[in-house]
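Summary of structural features
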Amino acid sequence: MLIARYGRPVVIEAMRSALDEVRSAIVANGSSGNFTEASVFDRVASKLEQESTPSLRRVFNLTGTVLHTNLGRAPLPQEAVDAAAVVALGASNLEYDLADGKRGDRDDHIEQQICRLTGAEAATVVNNNAAAVMLVLNSLGADREVPTSRGELVEIGGSFRLPDIMACAGCRLREVGTTNRTHLRDFVEAIGPQTGLVMKVHTSNYEIVGFTATASENELAQVCKERGVPFVIDLGSGSLIDLRRYGLPHEPTPAEALAHGADLVTFSGDKLLGGPQAGIIAGRADLIARIKRNPMKRALRVDKMTIAALSAVLQLYADPDRIAERLPGLRALTRPIEDIRALALRVCPAIAAALSDVASAEPVACESQIGSGALPTFRIQSAGIAIIPLDAKARGAALLRTEAAFRALPAPVVGRVHDGAYVLDLRCLEDEAGFVAQLDQLRHTRETAA
Ligand SMILES: *Cc1c(COP(=O)(O)O)cnc(C)c1O
């Protein structure tokens, strides 16, 4: 049975190592102890099962950060998963023009959709937004200067630092203005024959407040146009719709940036857009053509599954009235607070029962955030469960054990520790039945750990 499931070599190897362990134990204890044939088999079976569990697995994101970079960012809608599966399972016209039977371009499958949603003339897609920024910089600014405001030299988690990306792309960063104030004249003075492009970066994950000034996009675009240098805006999250319609603060859209006169915009596919990991470059056709001729484009291109999934997601934007129910990320962000509170009341007894002897569990108010650097200081009212270990003397250690027990579930649960409690923010919990069904195993995990 094990051989049919795992293959002969793996089972033999596992049997040998289990028998070795038994032998060493016998030598150490001087007796055969309570080893039986069945107990050795059980050991082998559970070891094989453990080893065959994929490393990359589904988890429950109950951190309160909806687009959590460490937890895979935007969940895809079923339409996107189905579309990716179709092209993954067989041959497709990825780079084949079915009309004339000639070689095609993979961007053709999504360019029109992106242009329609952003107002751009042309567009291309690469592996992620970091790649998009790097490709734009290298294509338009290699060996040249790139004036950028000192207030916008961002670092995004996971080592995306604008000055470093510029260096990698072969550009010379030309810092202009100060941390809090950059004026149009700072750019005017910096632009010269050595300028490759002017870069503006959306300060996704921080805000500069107080005595501040920035050059307006319209004015900067005008200056760049007069001086004949491309004006590029890295938007980061790139929401394709105005989030104010859902009572969320506004996040700049690619359409607005292009309407302000940007020649190119770059943004992520898997942040607020709600698609697969990708970086989208949209704007002037001549610049997109230059970018596509850069040999680096080939190294940064996206897979067919990404194109299929992205296209399916962009298709959903054709119906803006239903987008918030159909895109899981946006659905979570716009989920009514009453729904989340009701969910907390429903699941709380099961959690309390599973933890009865070690911790209390009660519904609490909490705050979610968007994540992925979008609207960093904005919090959304949410509801969840606060789990408080009964062992008040060693609460810190007990909290760590609680977190570990939730992480050890078959579909691991990730919450956050806040104010002496382990809090599960339920905003992103959609599979309520799946979540509750595995809670029983919390007791089991705790007992084996104890
Ligand atoms: C997130 C972000 C990036 C990086 O995008 P990835 O898709 O994660 O590579 C670059 N610039 C800004 C402003 C961002 O917010």
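Before any of the text, the structure's been laid out above.
Residues numbered from 1 in each chain as written. Predicted model: local features only at pLDDT ≥ 70, side-chain atom pairs only at ≥ 80, totals over all residues. Heavy atoms only, no water.

1. Thoughts on the nonpolar core
Counted only if it meets this: In this text, buried Ala, Val, Leu, Ile, Met, Phe, Trp, Tyr and Cys residues form a nonpolar core when linked through side-chain atoms within 4.5 Å. The cut-offs for exposure are 20% and 50% of the maximum accessible area for each residue type, with area from a 1.4 Å probe on protein chains only; residues under the lower value are buried, those over the upper are exposed, and the others partly exposed. Working definition: helices are DSSP H or I runs of at least four residues, strands are E runs of at least two. Numbering for both runs from the N terminus. In this document the domain limits rely on a domain assignment from an automatic tool or a database. Only heavy atoms matter for contacts: two residues are in contact if any of them lie within 4.5 Å across the pair.
With 58 residues, the main nonpolar core has Val265 and Leu273 as its most contacted residues. The biggest single contributor to this core is helix H13 (residues 304-316), with 7 residues. Taken together, domain 2 (60-71 + 332-449) and domain 3 (78-326) each give at least three residues to this core, which thus spans both. Apart from residues no more than four positions distant in its own chain, valine 265 is found in contact with Ile233, Leu235, Pro254, Ala257, Leu258, Ile280, Ile281 and Ala282. Formed by 29 residues, the second largest nonpolar core is a distinct cluster that contains Ala344, Ile351, Ala354 and Leu355.

2. Looking at helix H16 (residues 337-354)
Rule in force here: Given a helix with a known number of residues, its expected span is that number minus one, times 1.5 Å. A residue's bend is simply the angle between two axes: one fitted to the seven residues ending at it, one to the seven starting at it.
Over its 18 residues, H16 extends 26 Å from the first C-alpha to the last, a length consistent with the 26 Å expected when each residue adds 1.5 Å. Bending of H16 peaks at approximately 35° at the position of valine 347, with proline proline 349 no more than four residues after it. Among all positions of H16, only Ile337, Ile340, Leu343, Ala344, Val347, Cys348, Ile351 and Ala354 are buried.

3. Considerations on the packing of aromatic side chains
The condition that has to hold: Ring pairs are drawn from Phe, Tyr and Trp, using the six-membered ring of Trp, whenever the two centres fall within 6.5 Å, and their geometry is named by plane angle: stacked under 30 degrees, edge-to-face over 60, tilted for the rest.
Evaluation of the coordinates by the stated rule reveals 2 aromatic pairs. Centroid distance phenylalanine 60 to phenylalanine 435: 5.6 Å. Interplanar angle 75°. Geometry classified as edge-to-face. Taken as a pair, phenylalanine 60 in strand S1 (residues 60-61) and phenylalanine 435 in helix H18 (residues 432-437) lie far apart in primary sequence, 375 residues in all. Here phenylalanine 60 matches phenylalanine 435 in class, with each residue buried. A centroid spacing of 5.3 Å and a plane angle of 45° characterise the contact between phenylalanine 406 and tyrosine 422, whose relative ring orientation is tilted. Here phenylalanine 406, found in helix H17 (residues 395-407), pairs with tyrosine 422, found in strand S17 (residues 421-425); they are 16 residues apart in sequence, far enough to count as distant. Residue classification places phenylalanine 406 among the buried positions, given a relative accessible area of 0%. Of the residues examined, tyrosine 422 reaches a relative accessible area of 1% and is grouped as buried.

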